[in-house]
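Now for the letters of each chain:
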Amino acid sequence: MLAGELVTIAETEPVGCLITRARQASGHPEVTYAKDVSRIIQERCQECHRPGMIGPFSLLAYDDVLENVDRIKEVVTQRRMPPWHADPR
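Residues numbered from 1 in each chain as written. Predicted model: local features only at pLDDT ≥ 70, side-chain atom pairs only at ≥ 80, totals over all residues. Heavy atoms only, no water.

Student: Just to check I follow, could you spell out helix α3 (residues 69–77) for this structure?
Tutor: Those residues of α3 lying buried are Asp70, Ile72 and Val75. The elements touched by buried residues of α3 are α2 (62–67). Just downstream of α3 lies Arg79, where phi reads positive at about 60°. (Buried < 20%, exposed > 50% of the residue type's maximum accessible area, 1.4 Å probe, protein only. Helix = DSSP H or I, 4+ residues; strand = E, 2+ residues; numbered from the N terminus. Contact = heavy atoms within 4.5 Å.)

Shown next as structure tokens:
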């Protein structure tokens with residue numbers, strides 16, 4: 001581009017860690033981790049996301065979930081997780 005030539009690769013798929021901003025309160029005080037979120041994590045995630053299992057990180061504790069909340073949001077939104085809903089490709 002600097003040499004005045006056309007760019008041969010106009011776009012690429014990014015590789016690496018998700019970059020996030022500091023989290024703010026959700027605005028849904030009626031939803032709590034202990035009452036709502038923990039049950040979903042226990043039923044849908046902890047079978048694989050615990051030490052010695054296939055999940056790449058543990059989700060047994062609140063701090064584990066909090067540390068990975070953006071990654072969880074990304075893979076659930078993209079329907080890569082939970083695996084029983086995964087894209088067959």
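After that view, the rundown keeps rolling.
Student: Hey, could you run me through the packing of aromatic side chains in this one?
Tutor: Two descriptors summarise a pair of aromatic rings, namely the distance from one centre to the other and the angle between the planes of the rings. With the rule as written, the count across this model stands at 1 aromatic pair. Relative to Tyr62, the ring of Tyr33 lies with its centre 4.9 Å away and its plane at 75°, an arrangement referred to as edge-to-face. With a gap of 29 residues between them, Tyr33 in helix α1 (residues 33–44) and Tyr62 in helix α2 connect regions that are remote in the sequence. By relative accessible area, which is 23% here, Tyr33 ends up partly exposed. (Phe/Tyr/Trp six-rings, centres within 6.5 Å; stacked < 30°, edge-to-face > 60°.)

Student: Would you mind going over the side chain of Asn68 with me for this structure?
Tutor: Along the chain, Asn68 turns up in the loop between α2 and α3. When residues no more than four places from it in sequence are discounted, the contact partners of Asn68 are Phe57, Ser58 and Leu59.

Student: Would you mind going over the pattern of salt bridges with me for this structure?
Tutor: The full count for this structure, using the stated rule, is 2 salt bridges. One salt bridge in this structure joins Lys35 and Asp36, with 3.8 Å as the shortest N-O distance. Salt-bridge contacts for Glu74 lead to Arg80; the nearest nitrogen and oxygen are separated by 3.3 Å. Owing to a relative accessible area of 27%, Glu74 belongs among the partly exposed residues under this scheme. For Arg80, a relative accessible area of 42% puts it in the partly exposed group. (Salt bridge = Lys/Arg side-chain N within 4 Å of Asp/Glu carboxyl O.)

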